[in-house]
Amino acid sequence: MKFIPRWLVTSLAVGLAIWIVPGMSIVGGTAILSVAALGLILALVDSCVKPLLQLLSLPLTILTFGIFHLVVNALMLELAAWFTNGIFNAGIYISGFFSAFLAAIVVSIASAIFGSFVDKD
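First, a word on scope: everything that follows refers to the structure included in this document.

Calculation rules
Residue positions are counted from 1 within each chain, in the order its sequence is given. Note on the predicted model: pLDDT of at least 70 is required for a residue's local features to be given, and 80 or more for side-chain atom pairs to be given and counted; whole-chain, interface and lining totals, by contrast, use all residues. Hydrogen atoms and water are omitted, and side-chain values are computed over all heavy atoms in the structure. Counting from the N terminus, the helices are the DSSP runs of H or I reaching at least four residues and the strands are the DSSP runs of E reaching at least two. Between the two quantities, the radius of gyration covers C-alpha atoms and the globule rule is 2.2 Å times the number of residues to the power 0.38. Residue burial is assigned from relative accessible area. The probe radius is 1.4 Å, only protein chains are included, and a residue is buried under 20% of its type maximum, exposed over 50%, and partly exposed in between. Working definition of accessibility: Shrake-Rupley area with a 1.4 Å probe, residue cover restricted to the visible protein chains. When charges are counted, Lys and Arg are positive and Asp and Glu negative, with His and the chain ends excluded. By convention, the charge on Lys lies at NZ, on Arg at CZ, on Asp at CG and on Glu at CD. Note on aromatic contacts: the rings of Phe and Tyr and the six-membered ring of Trp form a pair at centre separations within 6.5 Å, being stacked when their planes are under 30 degrees apart, edge-to-face when over 60 apart, and tilted otherwise. Definition of nonpolar core: a set of buried residues of the types Ala, Val, Leu, Ile, Met, Phe, Trp, Tyr and Cys, connected through side-chain atoms within 4.5 Å. Only heavy atoms enter the contact rule, under which two residues are in contact if any of them lie within 4.5 Å.

### Description of the overall build of the protein chain
Step number 1: Across its full length, the protein chain carries 6 helices and 2 strands.
Step number 2: If you list the helices and strands of the protein chain from N to C, you get α-β-α-α-α-α-β-α.
Step number 3: On C-alpha atoms alone, the protein chain measures out to a radius of gyration of 14 Å, which is about the 14 Å that the 2.2 N^0.38 rule sets for 121 residues.
Step number 4: Taken along its principal axes, the extent of the C-alpha atoms in the protein chain is 40 × 40 × 25 Å.
Step number 5: The 121 residues of the protein chain split such that 36% are buried.
Step number 6: Surface accessibility of the protein chain: about 7,000 Å² in total, with carbon and sulfur atoms responsible for 77%.
Step number 7: Counting 4 positive and 4 negative side-chain charges, the protein chain places the averaged centre of each group 5 Å from the other.

### Focus on the packing of aromatic side chains
Step number 1: Per the stated rule, a full pass over the model turns up 2 aromatic pairs.
Step number 2: Aromatic side chains Trp 82 and Phe 83 sit 5.2 Å apart centroid to centroid with 50 degrees between the ring planes, which places their arrangement in the tilted category.
Step number 3: You can call Trp 82 exposed: its relative accessible area is 59%.
Step number 4: With a relative accessible area of 33%, Phe 83 lands in the partly exposed category.
Step number 5: Centre to centre, the rings of Phe 97 and Phe 101 are 6.3 Å apart; their planes meet at 35 degrees, and the pair counts as tilted. Taken together, the residues span about one helical turn, with Phe 97 and Phe 101 both in helix α6 (residues 97-118) at a distance of 4 residues.

### Topic: the nonpolar core
Considering soluble globular proteins, one finds that nonpolar side chains tend to be buried as a cluster.
Step number 1: Core analysis: the biggest nonpolar cluster contains 25 residues, and Val 14, Met 24, Leu 38, Ile 92 and Ile 94 have the highest contact counts within it.
Step number 2: Those elements that place two or more of their residues in this core are α1 (3-20), α2 (31-48), α5 (68-87), β2 (91-94) and α6.
Step number 3: Sequence-distant contacts of Met 24, defined by excluding residues within four places in its chain, comprise Ala 17, Ile 18, Ile 92, Tyr 93, Ile 94, Ser 99 and Ala 103.

### Quick look at the side chain of Thr 84
Step number 1: For Thr 84, the position within the fold is in helix α5.
Step number 2: The buried category is assigned to Thr 84, whose relative accessible area is 0%.

As structure tokens, then:
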């Protein structure tokens, strides 16, 4: 998937997670711009940082039968929220790790569903 479609899919998935998961709220700016900014940063973080972190956490991921992959996704979501709030002064606020963990599950499922519509050749 190219970067712009990945950004759109990630932004839609994050918007759905904000709507569903308690403990997440939009801070600063309008809702659409905050979600788009977070989607942009999350797509960049997923492209650059996530592969390295997945490689480093491979033993834990194997030991937990893949459940630790959700922890990595939650950490990437929190990192993207921190960057977005720092760079754009807009984004989302995540109240705790449990909210980030639930949001990571929602974002993963929604990205897979939305990505299946976009990724057709």
